[in-house]
Every structure is written in C-alpha cells, then in structure tokens.
Amino acid sequence: MRSLAFEDWSGGGSRIHGLDARVKLLGALTVLLCLATTDRESATAFAGYFALLTTYLAAAGIPLGGSLLRSLIVLPFVAGIAILNLWGGDPSLAILILLRSLLSAYTAVALLATTPFPALLRGLERMLVPPFLLMVLHFVYRYLFLLSSQAQSMARARKCRAPLRRGRTPLWKASAGAIAVLFARSYGRAERIHHAMLARGFQGRFPVLAETGTQRGDWFGLAATVMLAVAIQITARFWMG
Amino acid sequence: MSTSAIIQVTNLRYSYPDGTAALNGVDFQLDLGETVAVLGANGSGKTTFLLHLLGLAEGKNEGEIVVCGMPVRKKNLAQVRQKIGMLFQDSDDQLFMPSVEEDVAFGPLNLGLSPDEVRKRVKESLGQVAMEHVASRPPYHLSAGEKRRVALAGVLAMSPEIILLDEPSTFLDPPAKSSLIEILQSLSQAKILVTHDLILARRLASRAVYFEHGKITAEGDVEEVIEAAGWDGVSRPSAVAAR
C-alpha cells in the first residue's frame, strides 16, 4: 500500500522534490496536453517525452524500473480499446492509444513520485481548486490505508473460517457482506473524525500554517519544461512532415 | 454549583435518535485540578456522557451542563471547546492531518492564533509528550503509543483547562501505557478518565464514578467504587451500591 502511494519516493530530498508543487503540477499538465495533441504524424515525439520524463525521474533519484512498472497500471484499461482498433484494421491508432496512455501514466507517476501528497493538495489549493474537493481527496488518501488494512483483516478472518471455500454461502455473497460492513464502519469512523474535528474548533475550513513562497528557480524550471515539451512536438512534426 | 467545580452536570437525560435511552439522569461534578475515573461496562453511557460535555451528541437532551461557568449551549460551544480537550479512544479518528506538525497545529489555528504562536504551541506540546522528533512525519506511520501521544499533543496545544480521556490505554503495550501514565500524571489540568483499565484508574484518579444503564450508581474513592462494582475480582457485580 505504501509503495503504491509513492510515499517511499516522494519523501526524497532532491532539488526536484523541493520544487513548488504548483510548478510540478503545471509542468505535468503541459506534458499531458502535448501527449494528447500528439498524432500519428508526429509520433516520434513520444520518444522525446519518454526521454524528458526519464531524465526528470533520474535527476530526482527515482528508480526507473519501478516507475515504468507502475505506469503499466493503465494497461488493462487501454489494452481492450487498442485490441478493438487492431481488429478494426487500424494498427497505428492502436499503437497511438497505447503510447499516449502509457506515457500519460508515466507523467502521473513522475509527478506523484516527486511530490508528497499533502504538498500536492496544497499546490492544488493554491491553484484555486475547490476546497471541498480537496478535503474529500485528503480524507480518502488519509484513510485509504486504514480501510485497506480493515479489508485485509476481514479477508483473513473469512479465510480462517472458510479455508476450503466450501459451503452454501458463495464467495460473492460473503464479499458483498464484507463490503457492507466496511461501509458501515467507514460511516461510523467518519462521524467520529467529525467529532474530533469539532472538538478542536473546526469551523468548516482547513486552516494552514503560513508557507514560504515560490522561489524564482522554480518558475525557471517550469518554463524550461514547457519549452522542452513544446519543442519536442514541433521538432517531431517537422521531422515527420 | 460549588465554587471549585469546573464541570457541573445536573439530571442529564438523553436518548439516541432511535429512541434508545443512553443517559438516565446523570448528576456529576468535576473540581479544579482533580482526576475522576468513569468506570462502567460497555454500553453503559460513558462515552456518550463525554460527548455531551463537548456538545457533540446529536439530538435533544434534558438537564443542565455547565463548564467553567458556561452552560453548554449552541452559542457557547466555541468557548466550551476551548476549555475542554478530548483524547478520543481511537487515535486514528483524531489524527487526520497529513503531518504530525499540521495535526497538532489544527486546533490552535482554528482558535485564530498567529502562525508564530501556533508554531510555539506545537513545539511546546510535542515537547510535553516527547514527540518533537516526529513533527514532519505522517501520523499513520506512527506506532499506537506514538499516535496516542501525538493526539494528546494536539489536545494540549489548545491549552485546555479540562482533559477528557476516552479509554486512553486501548491498543497500547505495557511500556507505551507506562509512558502515557507518566505524561498524564505530569499534566495539571482536571481530567475525566473513561476506562476499563483499573491500573490506569488507580494511578491517575483521586475519585471514581460507576455508570450503569446510563446512570451513576456508585461514586467515591477509586478502590471503593472498584469493589462496589465487583471489578476487583472478588466482589460480585450485583454488589454495586445504590447512591
């Protein structure tokens, strides 16, 4: 659970880790936009974006193998669409979809691996993303670990009492029951968390300690990323065209 | 209300929204600087009682609760919650911010204090529970004992006059429990300690009350109440004396 959440990586102390989260968010957004607008005519640009992201991850000291592996998480979702296109007689579109999706996931991995989740939320808050949405994201992330460990405990308990998977109750029925219990427990926990917040004076808004401002170098980093990403696309179009 | 009482509860009655009676006429008093253990079986109304002191229970109640001279009513809740801090039974319910420092700062920031004052309070309260070294860590990576101490720091950062402790030794191993007891003993605030842990009650409390079916059925010296409740392993539970 911890490594899936990139916590081991995002706590690093590299210069890239220290960049303002807004800079990294805007940089990632630029790369994603470039990936979305890369078409068949400029497909060599994908190699450029791959190189750009790989250099970024290497400079931050993030393991490249692990990053690539995590990017594959989107494969089950896009493989079906790619196969349909392959059957439909359009192999180049299938490849385009695969490359675009995998590199988009690689971009997200690069962002999450170099930015602690709280800093990411703070960056989004400073970019005027609605606080309510961020509060929901914050709580989902905070309590995902607990929910996951509760689910694992329940799965263990089920295995202990039904080691051979025999009996009249089918697995799906037991799982549905477990999900219902998890929901009820989560609801109860949400109520208790709300009590704990009210007990410490919560008035509907998450207060934050004042933060240091963005350094000039951070914006230079963003400008360089944007220029590189755009240059890759232009070069690829020129090269292919 | 006597001059030394900082909490005075008179004839408190409360039923859950589904109609189940939870508190059936509770009379209680907490004096300045004292620690009272609240004992009782599961479901006897102890935690519900604590939630009422903070104005956190949903629905209507009857009777009166006065905290530091203020009736616990909607218009006073902000001030009441400044006077009372509560350590919840499950620290994971209480530690919801991304880092320990931010979590401890949550209460003081809600009080509208300046960032410098908040940082000072965070440092002091983490120092009180010997947890300064985890300030930058996410709370969910701490051990149960560490979480409990950080949660207590979050309460102390609000400088309360009264601390409510709901089963503070739950999930703690013996060394963590001893350490928590030492910290709690060093605090000058008045405390209400809800517990099943008789070691904790004996070491911290000067007085005890026993809850049964939403009522206090025995009160007095800790040992006497333990004996009257039949929790000493000798007496029978039915020996609980009527008040």
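The text that follows walks through the structure, step by step, so that each part is easy to find. (Residues numbered from 1 in each chain as written. Chains lettered and ligands numbered in written order. Predicted model: local features only at pLDDT ≥ 70, side-chain atom pairs only at ≥ 80, totals over all residues. Heavy atoms only, no water.)

If you tally the helices and strands in chain A, you get 10 helices and zero strands. Relative to the globule expectation of 18 Å for 241 residues, the C-alpha radius of gyration of chain A, 22 Å, shows a markedly less compact shape. With respect to the principal axes defined by its C-alpha atoms, chain A has extents near 65 × 55 × 30 Å. Counting over 241 residues, chain A shows a buried share of 37%. Put simply, 81% of the contacts in chain A that link residues at least 6 apart link residues at least 24 apart. Accessible surface, chain A as shown: approximately 14000 Å² in total, 70% of it carbon and sulfur. Between the mean site of the 25 positive side-chain charges and the mean site of the 10 negative ones, chain A shows a separation of 15 Å. (Helix = DSSP H or I, 4+ residues; strand = E, 2+ residues; numbered from the N terminus. Rg over C-alpha atoms; globule rule 2.2 N^0.38 Å. Buried < 20%, exposed > 50% of the residue type's maximum accessible area, 1.4 Å probe, protein only. Contact = heavy atoms within 4.5 Å. Areas by Shrake-Rupley, 256 points an atom, 1.4 Å probe, with all protein chains shown as cover. Lys, Arg positive; Asp, Glu negative; His and termini not counted. Charge placed at Lys NZ, Arg CZ, Asp CG, Glu CD.)

Reports often express the size of an interface as the amount of accessible area lost when the parts come together. Listed per partner, the contact involves 30 residues of chain A and 31 residues of chain B. For the chain A and chain B pair, buried surface summed over both sides reaches about 2800 Å², with 59% attributable to carbon and sulfur atoms. Taken together, chain A and chain B are joined by five salt bridges. A salt bridge links D103 of chain B to R200 of chain A, with the shortest nitrogen-to-oxygen separation between them at 2.7 Å. Counting every contact that joins chain A to chain B gives 10 residue pairs in polar contact (both at pLDDT 80 or more). Looking at the side of chain A that touches chain B, the element that brings in the most residues is helix α9 (residues 171-199) of chain A, giving nine residues. Residues of the side of chain A that touches chain B, tallied by class, amount to 17 nonpolar, four polar and nine charged. (Buried area = accessible area lost by both parts, 1.4 Å probe. Salt bridge = Lys/Arg side-chain N within 4 Å of Asp/Glu carboxyl O. Polar contact = N/O pair within 3.5 Å; in protein donor to acceptor, adjacent residues only side chain to side chain. Nonpolar A, V, L, I, M, F, W, Y, C, P; charged D, E, K, R; others polar.)

All names here are of chain A. Remark: helix α4 (residues 64-71) packs on helix α6 (residues 91-114), axes separated minimally by 8 Å, with the N-to-C direction vectors making an angle of 125 degrees. Comparing the axis directions of α4 and α6 gives the class oblique. Along this stretch, α4 crosses α6, giving a crossing that reads as right-handed. Across from L64, S67, L68, R70 and S71 in α4, the residues of α6 making contact are L102, A105, Y106 and V109. Split into classes, the residues belonging to the contact of α4 with α6 amount to six nonpolar, two polar and one charged. (Axes fitted to C-alpha atoms, helices over the stretch in contact; angles between N-to-C directions. Parallel < 35°, antiparallel > 145°, perpendicular 65-115°, else oblique. Left-handed = near helix turned anticlockwise from the far one by under 90°.)

Next up on the list: helix α2 (residues 21-37) of chain A. Residues and elements named next belong to chain A. The terminal C-alpha atoms of α2, which comprises 17 residues, lie 24 Å apart, in line with the 24 Å expected from a rise of 1.5 Å per residue. A21, R22, V23, K24, L25, G27, A28, T30, V31, C34 and L35 are the residues of α2 that are buried. Its side-chain oxygen 2.7 Å from the backbone nitrogen of R22, D20 forms the N-cap of α2. (Expected span 1.5 Å × (residues − 1).)

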